[in-house]
Amino acid sequence: MLESTNADSKSWKVLIMDKVTVKVMSHSCKMADITDRGVSLVEDLFRRRQPLPSMDAVYFIQPSKENVVMFLSDMSGREPLYKKAYVFFSTPIPKELVNHIKSDTSVLPRIGALREMNLEYFPIDRQAFITDHERALEELFGDNVQNTRQFDTCLNTMAKRIATVFASMKEFPMVRYRAPKASDASTTTFRDLIPSKLATAVWNCIEKYKSIPNFPQTETCELLILDRSVDQIAPVIHEWTYDAMCHDLLDMDGNKYVLEVPSKTGGQPEKKEVLLEDHDPVWLELRHAHIADASERLHDKMTNFVSKNKAAQIQQSSRDGGELSTRDLQKIVQALPQYSEQVDKLSLHVEIAGKINHIIREIGLRDLGQLEQDLVFGDAGAKDVINFLRMKQDVTPENKLRLLMIYASVYPEKFEGDKASKLMQLARLSSEDMKIVNNMRLLAGSLNSKKSSTDFSLKFDGQKTKQAARKERPGEEETWALFKFYPIIEELIENLCKGELPKSDYPCMNHPSSAEQESTSRFSVRKKAAPATTAPSEKKTGHSVRSRRTPSWAKPQNSDDGYSSDSILNHAVADLRKMGQRIFVFMIGGATRSELRACYKLTTKLRREVVLGSTSFNDPPEYIS
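It should be emphasised that the depicted structure is a prediction, and the values quoted were computed from it without experimental measurement.

Caption draft 1: Quick look at the sheet that holds strand β4 (residues 85-89). Read from one edge of the open sheet, five strands run β2-β1-β3-β4-β5, paired in parallel fashion. The sheet terminates laterally at β2 (39-44) and β5 (111-116), the two strands that pair on one side only. Adjacent strand axes in the sheet meet at a mean angle of 15 degrees when their direction is disregarded. In this structure, β4 lies alongside β5, joined through five bridges in parallel fashion. By the bridge assignment, V87 is partnered in β5 with L114.

Below, the structure written as C-alpha cells:
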C-alpha cells in the first residue's frame, strides 16, 4: 500500500488514516517501518490539515459515507490539498459510495489508486488477532440488547473484520460454529444463537471475496466460532505461565510495564518502561514457560554469563564462596564494563520474575492455585472451599470471587436458593460480587445439559466421587506443580483436527460436497508434511515429574544465553511453511492467555498453525468487570 504511489520517485508522501485504521497500522508496524517507505507525515482524516499540493497522499480509511465525503472535499475543486491521492479501503466499499466518488469529475483524474485493502483486524501476536470489541459480552449477551442497533452493529463489524483476516491471508475457510445447547428449540435463547449468527455473517462476507484475484475457490483452512460460555473457568483461574502471571499480578498497561530498577550510581531507583513483546528474545523464549521454570532458566542464563566472563569470575571469587542468588549474579553482571543491551534485557526479566515470585509468596497464591485446580479436576469439593474461606481470611476479595466463580462452574447446584448468599457471607463478599457469579451462570445457559456432561466424566473415572469440569489427560506430562489445567478449546481443536468434532454440536456453513473433499485433502496435506518435520523433541517418551524439564512445545530452539532471537523467529517461520492447513478459532467475549498458550502448544503437536482470534484479550480483572 505504502509503496503504491510511485516505484521510481523517491519523493516523500503523506499517510492519512481514520481512528480505526490508525489502530490497525499501529498493531501491524512501527513508525520506522512507515518512514522507511517514504512517509514523512501521518495525518488524521478529521483534523484540519495544511495543503501540501506538491506531495502525494495515501489514504488508508474505512469505506464510510463521512470518510468518502471528507476525502472528496480534500481533493476536489481548484486547489486540492495534495497532488495525487492513492486510496485504500480497510473493508469492501459499497457500490453507492464508488458511484459517489465517480460523480466528482474534478477528483477522478487526481486518483492514482482506488482499492480495497481488506485489512481491518488487529494482530497482537504472531498467532493471535482481535476485532477490538472490548464490550462484546455486554453488547451481545447483555439484558435487553436483542434486536437493538447496537447488537447488529457489533456483530456485523465483528464479522467484517474477521473476514478481512481471510482476505488478507488469501485463505478460504470451512466455517464451523457452536450450535445452541438446548435440545428443543423452545428453550433456546437469543444468546445461544450468537455463534451461528456470527458464522452466517462471516460466511456472507467471505463469499463475496471469491472475486478477489488469486483468492482460493475451495476451502484451504478451518474456522471454528465459539463464545465464552464454552469455558468460563479459563478467564478466572490462575494460570501459572510467565506471560499470564505478568498480566495477572503486575500492574501492566497492555504490553507495557514500568519497572523500578536499582540505580547504577547508588541513588534513587530508576523507572524503566519495558515492552513485553515478540521483539524481545528472552520474552519469546520464556513467555509460555511455568513461572518456576522461567525463574530457573533466568538463573541459569545469569550463571552462564558469569562463568563465560573473566571479570565476573574475579568479582565472584572476591565474595564469600557460597551459592550465589540470581540477584547477586545480576549485581555482578551489572558492574561489568561491557554490560550490554542483551544483559540489560536479561536483567529486566530477572527483576520482573523476582517481583512475581515475591507476590506469589506474599499472598499465598500456591494454596489457592492448588484448590482451584483440584476443584476443576474433581479432587476437591464443597468442604474444601468452605474450609479455605474459613481459614484464609486475608485472601483478597478478587481472589475469593475468582474461587467462587470456579466453584459455581463446577457445582452450579451449590448456588441455588439461599446457598449462594451463605457462601457470600462466609467469603465476606458484597451483593455486587454476587451479581457477577449470577451473570456468569446466566451466560452458561441451561444447567441441565451441564450436569449430564459432568456426570459422564465421573462415570469412567471410578475413584473420584466429586464433580469435575475437566478430565485428566493421559500422556500429558506435568513437569511443574499447578500446570495441569488446560482450557476447553485445547480439546475442541484436537477433536477438530482428528475429524471428531460432532457435526450436531458444531455444524458447518459450507456445502457438504466441498466439505467432504476438504477433509480428505486436509489429512493428506498433514500426512505429507509430518515425516519431514517431526520435531526431535517429540520422539522422546514422557519424562518423570522429578526431572523438572520443560514440555517440548514451550522450548524454542535457543542458544544457552537466549539471544538467538533471529534464529528463534526464523525457525518458527520456516516451520510454519512445512505444516498442514491452518486452524482459526474465534472466541466471542474475550480470549485468555491460557488459550493462546494452548494454540502455540497445538501448533507444535498437530503440525498445523493454530491462530486465535477474539473480540479482545482479557486478563481476569477485566473479565470480571
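Caption draft 2: Looking closely at the packing of helix α16 (residues 397-410) against helix α17 (residues 419-427). The geometry of α16 relative to α17 is characterised by a closest axis approach of 11 Å and an angle of 155 degrees between their N-to-C directions. By the angle class used here, α16 and α17 are roughly antiparallel. Read as a crossing pair, α16 and α17 show a hand that is right-handed. Within the contact between the two elements, α16 uses K400, L401, L404 and Y407 and α17 uses L423, M424 and A427. For the contact of α16 with α17, the residue count by class is six nonpolar, no polar and one charged.

Caption draft 3: Geometry of the packing of helix α15 (residues 382-391) against α16. Contact geometry for α15 and α16: axes closest at 12 Å, N-to-C directions at 170 degrees. Between α15 and α16, the crossing angle belongs to the class labelled roughly antiparallel. Within the contact between the two elements, α15 uses A382, V385, F388 and L389 and α16 uses K400, L403, L404 and Y407.

About the cut-offs
- Residues numbered from 1 in each chain as written.
- Predicted model: local features only at pLDDT ≥ 70, side-chain atom pairs only at ≥ 80, totals over all residues.
- Heavy atoms only, no water.
- Pairing = 2+ DSSP bridges.
- Helix = DSSP H or I, 4+ residues; strand = E, 2+ residues; numbered from the N terminus.
- Axes fitted to C-alpha atoms, helices over the stretch in contact; angles between N-to-C directions.
- Parallel < 35°, antiparallel > 145°, perpendicular 65-115°, else oblique.
- Left-handed = near helix turned anticlockwise from the far one by under 90°.
- Contact = heavy atoms within 4.5 Å.
- Nonpolar A, V, L, I, M, F, W, Y, C, P; charged D, E, K, R; others polar.

None of this, on its own, says anything about what the molecule does.
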